[in-house]
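For reference, the chains in residue letters:
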Amino acid sequence: MIEKFFESGLWSSRFIVLLAVIFGLFGAITLFAVASFDIYDTVKLVLNTYVNHAHPEHFHESVVGGIIGAVDLYLIGVVMLLFAFGLYELFISDIDVAREEDGENKILSIHSLDQLKDKISKVIVMVLVVGFFQKVGLASYQSPLELLYLALSITAVAVGLYFLSKVGH
């Protein structure tokens, strides 16, 4: 009797995960909104620059940096979505609506913590890569050695992405 009551309560305690799911979704929505406003501001800057026939210093770097920064936020928002969907599917229930469309949605289909960790880590690596290229785009290079370091770092990122794509195949 006590064991059954305890096990029932223990099993029901998994619903605490709903807090992480709900606030994960709020976080994703917030990141998508902020990234969209950043893109809006970048578009406004470009339009104002061309309408006024101005060409401020570092204009292209600002535009590329603004867009890459927004992409970075979108990717982090995707991490939050994967996190929320994954926790829900692992602890609460399968998302039936996702399975009704075309049988099985492989992007959101998560059956273990390792699968969730793998999907999230791949998106986090992409966030780091985007952040790296944002920094590279805004840096100034003074010597040939610095350009060599840039080439080597881009090569290292490309090799890392190649091997990351081979994981799980």
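Use the structure listed above.
Described in the following lines is the structure provided in the data block. (Residues numbered from 1 in each chain as written. Predicted model: local features only at pLDDT ≥ 70, side-chain atom pairs only at ≥ 80, totals over all residues. Heavy atoms only, no water.)

Description of the overall build of the protein chain
(1) Moving on: Of regular secondary structure, the protein chain possesses six helices and zero strands.
(2) Moving on: Ordered by position from the N terminus, the helices and strands of the protein chain form the series α-α-α-α-α-α.
(3) Moving on: On C-alpha atoms alone, the protein chain measures out to a radius of gyration of 22 Å, which is more than a quarter above the 15 Å that the 2.2 N^0.38 rule sets for 169 residues.
(4) Moving on: Taken along its principal axes, the extent of the C-alpha atoms in the protein chain is 75 × 40 × 35 Å. (Helix = DSSP H or I, 4+ residues; strand = E, 2+ residues; numbered from the N terminus. Rg over C-alpha atoms; globule rule 2.2 N^0.38 Å.)

Here's the deal with the nonpolar core
(1) Moving on: Formed by Val-17, Val-21, Val-79, Leu-82, Ala-84, Leu-87, Ile-110, Leu-116, Ile-120 and Val-123, the largest nonpolar core amounts to ten residues.
(2) Moving on: Listing elements by their share of this core, those giving two or more residues are helix H2 (17-51), helix H3 (59-91) and helix H5 (113-138).
(3) Moving on: Considering each element in turn, this core owes the most residues, four residues, to H3.
(4) Moving on: Apart from residues lying up to four places away in sequence, Leu-87 is in contact with Val-17, Ala-20, Val-21, Ile-92 and Leu-116. (Core = buried A, V, L, I, M, F, W, Y, C linked by side-chain atoms within 4.5 Å. Buried < 20%, exposed > 50% of the residue type's maximum accessible area, 1.4 Å probe, protein only. Contact = heavy atoms within 4.5 Å.)

Some thoughts on the side chain of Asp-72
(1) Moving on: Mapped onto the fold, Asp-72 is located in helix H3.
(2) Moving on: Not counting chain neighbours up to four residues away, the residues in contact with Asp-72 comprise Val-127, Val-130 and Gly-131.

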